[in-house]
Amino acid sequence: MADRERCNQGREQFNFSDLTSDDGPGPLIKRINNGSMPPPKYLALHPEARMDDKTKEAFIAGLRRTFGQTAP
């Protein structure tokens with residue numbers, strides 16, 4: 001599968017362009033916290049994408065800042 005096709009598939013699942021500040025990053029944060037992001041199929045091919053707790057926290061903090069939110 002070509003990189004562009006993978007990007008398009010990813011965008012269908014979570015597209016920042018379609019979100020508003022009202023939508024927020026909640027669905028993505030939930031997936032990060034429950035271990036389904038990055039997807040296991042992706043991690044099988046790209047183990048370097050696995051996030052430790054510190055990386056998850058930094059990523060989630062960045063998502064919250066992007067949407068103008070503070071930590072709960």
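Look above for the structure.
Being a predicted model, the structure only gives us computed values, none of them experimental.

Visitor: In this structure, what is going on with the overall build of the protein? I would like to understand it.
Guide: Check the secondary structure of the protein and you find four helices and zero strands. In the protein, the order of α-helices and β-strands from amino to carboxyl end is α-α-α-α. The buried share among the 72 residues of the protein stands at 21%. A separation of at least 24 residues holds for 58% of the contacts in the protein among residues at least 6 apart in sequence.

Visitor: Please explain unusual backbone geometry as it appears in this structure.
Guide: For residues besides glycine, phi is generally negative; the peptide bonds are generally trans as well. For the bond running from Met-37 to Pro-38, omega is -5 degrees, close enough to zero to count as cis. Examined against the element boundaries, Pro-38 turns out to sit in the loop between helix 2 (26-33) and helix 3 (40-45).

Visitor: Would you mind showing me how to read the environment of Met-37 here?
Guide: For Met-37, the position within the fold is in the loop between helix 2 and helix 3. The exposure class of Met-37 is partly exposed, given its relative accessible area of 22%. Along the chain, Met-37 and Arg-50 lie 13 residues apart, while their C-alpha atoms are 8.9 Å from each other. Once you skip the residues sitting within four places of it in the chain, Met-37 turns out to touch Leu-28, Arg-31, Ile-32 and Met-51.

Visitor: Teacher, can you tell me more about helix 2 here?
Guide: Given 3.6 residues per turn, any residue in an α-helix points the same way as the ones three and four places further on. Those residues of helix 2 that fall on the buried side of the exposure criterion are Leu-28, Ile-29 and Ile-32. Along the long axis of helix 2, the arc covered by the buried residues comes to 100 degrees, so they all point the same way. Facing away from the buried surface of helix 2 by more than 90 degrees, the exposed residues are Pro-27 and Lys-30. Looking at the buried positions of helix 2, the neighbouring elements they touch are helix 4 (53-66). Note on helix 2: the residue one or two positions beyond its end, Gly-35, has a positive phi of about 85 degrees.

Conventions adopted
- Residues numbered from 1 in each chain as written.
- Predicted model: local features only at pLDDT ≥ 70, side-chain atom pairs only at ≥ 80, totals over all residues.
- Heavy atoms only, no water.
- Helix = DSSP H or I, 4+ residues; strand = E, 2+ residues; numbered from the N terminus.
- Buried < 20%, exposed > 50% of the residue type's maximum accessible area, 1.4 Å probe, protein only.
- Contact = heavy atoms within 4.5 Å.
- Arc of directions from axis to C-beta.

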